[in-house]
Amino acid sequence: MESGVRPVTEGARAGSPAAPAPEAPTGLTPRFWREMLEGVDEAVLALDEAGVLRAANTVATRMLPQLRPGEVVLTPGPLAEALRAARATFDVDHDEHRLRGRRVSVGPLTVWYVRDVTEQVIRTDALLAERWRSAFLAEASRRLSASLHGDRTARTAVALAVPALGDCALMVRPGTRNSVRWFRYSGEDGEPVSGRLPAEGLDAVPALAEALAGLEPDDDPRLPDQLTEAGWLLPEGFGRPGSAVLVPLPGHGRPVGALAVIRGMGRAGFEPVETHLIRQFAGRAGTALAVAALYAEQAHTADVLQASLMPPALPEVPGVQLGAVYRSARERLRIGGDFYDVYPTRGAAGPADSWQFVLGDVCGKGVEAAVQTGRVRQAMRALSLVEPDPVGLLRLLNESILTSGDGQFTTMVLGRIEWRTGGVALHVASGGHPAPIVLRVDGTVETVPMAGTLVGAFPEARFGQATVTLTPGDTFILHSDGVTEARGGPDGTDFFGRERLISGLHGYAGTPPTAIAERVGQLTAQWLDEREHDDIAALVIQAESARRARGHLRAVGSS
């Protein structure tokens, strides 16, 4: 640096009165300044007003060998522009390096302190890239796990991959035995699209078949050509892919599909870190698809089992009309411990053509109670083939439940329908169940008192029995204790009770049994006012009109 460059002393401040420049202290020679600059670990460049490089330390000459003191900085490029600019700092790329400079004015000279921050930028970029990849995978996991529907999960996966991973994403999943399902998304598709393809359609893309088998042909150079030849795989007008990565989607023991991430011509190929990210993404997508498939299988199994445990549809029984209502304590399950059934019995021990009915309440709630109701119903139907008498049937059922040793008892009322001239007779037996109600056609309400012990609780059980005669229009009502013991009222603790039930049935004499059953359910729901409750069930049997009953009796007699 020339001797005219001197340090700023304490007395020389911006805006102070003009004063003669102090003389350089003894010993501060140009050599001293050069040696001081050599002790700086940054590149130091001093330029005059004409842009001529007046001085540079050794770090600067090593970093920028094309710049020489005494010459004008004329080399075109971002660095030359930054050095000649009046900005306080710059941050530019130069010869594959990132240079960062700060400007200081020293008299007529502009001094730049320049550092090579390439490694720092690389580390920062790598950290930011890793943070982005982690955030991308976290968001992908969240969105992929938000749905338990296989097709929606597949559409979400291909939509997440574009443009984060590539220009187009394609997923192929096994379909039926002779077909596959495909899902595709690109910026031009607008929304993910899907379709079905015969299994032989994969012959044009052997790499896809290999990926579905669990292999990883992601480095196969033939893949872009195979994708191009199989035109259905790419969006219309996409052209030949520049590069593609294909990975299997891992499932439970076998792939649940294959994912191809595709980039168009003109874009850089996939770096190893990007291929690794695609594999990580595919792992999450495969897990989500496997969970969705498992859920679908379990849901189907649950639906089949639940359908078998649901109260059956009421049949058409000659001489009577039927109605029923059922509401489980856990309404999302739609099954519980209350049950009803009406079924024909045809056996040597009973009438040639007879019908039996039952309404019961198994101890417990939910799935466990529903499974027990299924056992009780099946046992009762089987035992009714050898024992038509209601009391005898309860005794056999009591022994069957005790023998099973599961400790679950039940209450029930069961009966057999007998047709008579002018009406029907119901032969009824009870085991610890609420007493039936008879609503006569003239509006009179009767209670059928029936004692009896729980079914399946004691070896020496005693069961009550009665015979109820119904004339045309008379109605026989069975209900579970979930009706009369429903808690509600002002403080939510009062039982609904039999009196409120009977009072609520006034005015419904002679109405169809379905309407009466719905009335029982409506009264109970109003009393509960959406509070928690036990299982609720009611079965209504009504004698048909005299004309229809006579027609049935003639048909039975002619047979």
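Keep in mind the model is a prediction, meaning the values are calculated, not measured.

## Thoughts on the overall build of the protein
Now for step 1: Looking only at helices and strands, the protein features 14 helices and 22 strands.
Now for step 2: Burial status across the protein gives 45% buried among its 559 residues.
Now for step 3: Long-range contacts, defined here as pairs at least 24 residues apart, represent 59% of the contacts in the protein between residues at least 6 apart.
Now for step 4: Per element, the accessible surface of the protein, about 28,600 Å² overall, is 53% carbon and sulfur.

## Overview of the environment of Phe463
Now for step 1: Secondary-structure assignment places Phe463 in the loop between strand 17 (445–447) and strand 18 (464–470).
Now for step 2: Residue classification places Phe463 among the buried residues on the basis of a relative accessible area of 12%.
Now for step 3: Residues within four places of Phe463 in sequence aside, it is in contact with Val391, Leu394, Arg395, Asn398, Ser430, Gly431, Ala451, Gly452, Thr453, Leu454 and Val455.

## Some thoughts on the pattern of salt bridges
Now for step 1: Applying the stated rule across the entire model yields 18 salt bridges.
Now for step 2: Put simply, Arg115 and Glu42 hold a salt bridge, and the shortest N to O gap is 3.3 Å. Of this pair, Arg115 sits in strand 5 (residues 109–116) while Glu42 sits in the loop between helix 1 (30–38) and strand 1 (43–47), placing them 73 residues apart in sequence.
Now for step 3: What makes Arg115 partly exposed here is its relative accessible area of 36%.

## Overview of the nonpolar core
Now for step 1: Residues Leu144, Leu165, Met171, Leu249, Leu259, Ile278 and Phe281 are the most contacted members of the largest nonpolar core, which totals 30 residues.
Now for step 2: Secondary structure elements with two or more residues in this core: helix 4 (118–144), helix 5 (150–161), strand 6 (168–174), strand 7 (179–186), strand 9 (241–249), strand 10 (257–264) and helix 8 (272–309).
Now for step 3: The leading source of residues in this core is helix 8, at eight residues.
Now for step 4: Not counting the four nearest positions on each side in its chain, Leu259 is found in contact with Leu170, Met171, Val245, Leu246, Val247, Leu249, Phe281 and Ala282.
Now for step 5: In terms of nonpolar packing, the next biggest core, distinct from the first, is built from 27 residues, Tyr340, Trp355, Leu426 and Val438 among them.

## With respect to the packing of helix 12 (residues 497–505) against helix 13 (residues 513–528)
Helix-helix packing: each pair is described by the crossing angle between the helix axes and the interaxial distance.
Now for step 1: Between helix 12 and helix 13, whose axes approach to 10 Å, the crossing angle comes to 130 degrees. Taken as axis vectors, helix 12 and helix 13 run oblique relative to one another. Crossing angle aside, the handedness with which helix 12 passes helix 13 is right-handed. Every residue of helix 13 that contacts helix 12 at Arg500, Leu501, Gly504 and Leu505 is listed here: Ile516, Arg519, Val520, Leu523 and Trp527.

## Brief notes about the environment of Arg84
Now for step 1: Structurally, Arg84 is set in helix 3 (residues 78–84).
Now for step 2: Taking the C-alpha atoms as reference points, Arg84 and Glu49, separated by 35 residues in sequence, lie 9.1 Å from one another.

## A closer look at helix 4
Now for step 1: Look at helix 4: 38 Å from first C-alpha to last across 27 residues, which is about the 39 Å you get at 1.5 Å a residue.
Now for step 2: All of the buried residues in helix 4 are Thr118, Val121, Arg133, Phe136, Leu137, Ala140 and Leu144.

## Quick notes on the sheet that holds strand 12 (residues 338–345)
Now for step 1: Across the sheet, which stays open at both edges, the five strands sit in the order 12-13-14-15-18 with antiparallel pairing between neighbours. The sheet is open, and its two borders are formed by strand 12 and strand 18, each paired with just one other strand. Averaged over all neighbouring strand pairs, the angle between strand axes comes to 20 degrees, with direction disregarded.
Now for step 2: One ladder, built from eight bridges, connects strand 13 (residues 354–362) with strand 14 (residues 410–420); its direction is antiparallel. Within the sheet, the bridge partner assigned to Leu359 lies in strand 14 and is Val413.
Now for step 3: Where helix 10 (residues 390–404) meets the sheet, its contacts fall on strand 12, strand 13, strand 14, strand 15 (423–431) and strand 18, and the angle it forms with strand 14 comes to roughly 150 degrees.

## A few points about the sheet that holds strand 16 (residues 437–439)
Hydrogen bonds along the backbone pair up the strands of a sheet, which may run parallel or antiparallel.
Now for step 1: An order of 11-22-19-16-17 is seen for the five strands of this open sheet, with the pairing classed as antiparallel. Each edge of the open sheet carries a strand with a single partner, namely strand 11 (320–327) and strand 17. Between one strand axis and the next, the sheet turns through 20 degrees on average, direction left out of account.
Now for step 2: Note that strand 16 and strand 17 share three bridges and pair antiparallel. Within strand 17, the residue paired with Ile437 across the bridge is Thr447.
Now for step 3: The sheet contacts of helix 12 involve strand 16, strand 17 and strand 19 (475–479), and relative to strand 16 the element is tilted by about 20 degrees.

## Some remarks on the packing of helix 4 against helix 5
Now for step 1: Relative orientation of the contacting elements helix 4 and helix 5 amounts to 160 degrees, with a least axis distance of 10 Å. Our classification of the angle between helix 4 and helix 5 gives roughly antiparallel. Helix 5 is crossed by helix 4, and the crossing has right-handed handedness. Within the contact between the two elements, helix 4 uses Phe136, Ala140, Arg143 and Leu144 and helix 5 uses Thr153, Thr156, Ala157 and Leu160.
Now for step 2: Per-class residue counts for the contact of helix 4 with helix 5 are five nonpolar, two polar and one charged.

## Comments concerning the pairing of strand 6
Now for step 1: The buried fraction of strand 6 amounts to six of the seven residues, a majority that puts the element mostly inside the structure.
Now for step 2: When strand 6 meets strand 7, the two strands line up antiparallel, connected through seven bridges. Bridging across to strand 7, Leu170 finds its partner in Arg184.
Now for step 3: Here strand 6 folds back onto strand 7, and the loop between the two strands holds four residues.

## What about the pairing of strand 2 (residues 53–56)?
Now for step 1: Alignment of strand 1 against strand 2, held across three bridges, turns out to be antiparallel. Across the sheet, residue Leu45 finds its bridge partner in strand 2, namely Ala56.
Now for step 2: Counting the residues between successive antiparallel strands, the hairpin from strand 1 to strand 2 contains five residues, one of them, Gly51, with a positive phi of roughly 85 degrees.

## What about the confidence of the model for the protein?
Now for step 1: Across the protein, the average pLDDT comes to 83, with 85% of residues at or above 70.
Now for step 2: Between residues 348–352, whose pLDDT stays under 50, and residues either more than four places distant or in other chains, the model counts seven contacts.
Now for step 3: Scored below 50 in pLDDT, residues 549–559 shows six contacts in the model against residues more than four places distant or in partner chains.

## Remarks on the environment of Glu399
Now for step 1: Take Glu399: it is sitting in helix 10.
Now for step 2: Here Glu399 falls in the partly exposed class, since its relative accessible area comes to 49%.
Now for step 3: Separated by 62 residues in the primary sequence, Glu399 and Ala461 have C-alpha atoms spaced 9.4 Å apart.

About the cut-offs
Residues numbered from 1 in each chain as written. Predicted model: local features only at pLDDT ≥ 70, side-chain atom pairs only at ≥ 80, totals over all residues. Heavy atoms only, no water. Helix = DSSP H or I, 4+ residues; strand = E, 2+ residues; numbered from the N terminus. Buried < 20%, exposed > 50% of the residue type's maximum accessible area, 1.4 Å probe, protein only. Contact = heavy atoms within 4.5 Å. Areas by Shrake-Rupley, 256 points an atom, 1.4 Å probe, with all protein chains shown as cover. Salt bridge = Lys/Arg side-chain N within 4 Å of Asp/Glu carboxyl O. Core = buried A, V, L, I, M, F, W, Y, C linked by side-chain atoms within 4.5 Å. Axes fitted to C-alpha atoms, helices over the stretch in contact; angles between N-to-C directions. Parallel < 35°, antiparallel > 145°, perpendicular 65-115°, else oblique. Left-handed = near helix turned anticlockwise from the far one by under 90°. Expected span 1.5 Å × (residues − 1). Pairing = 2+ DSSP bridges. Nonpolar A, V, L, I, M, F, W, Y, C, P; charged D, E, K, R; others polar. pLDDT = per-residue confidence, 0-100.

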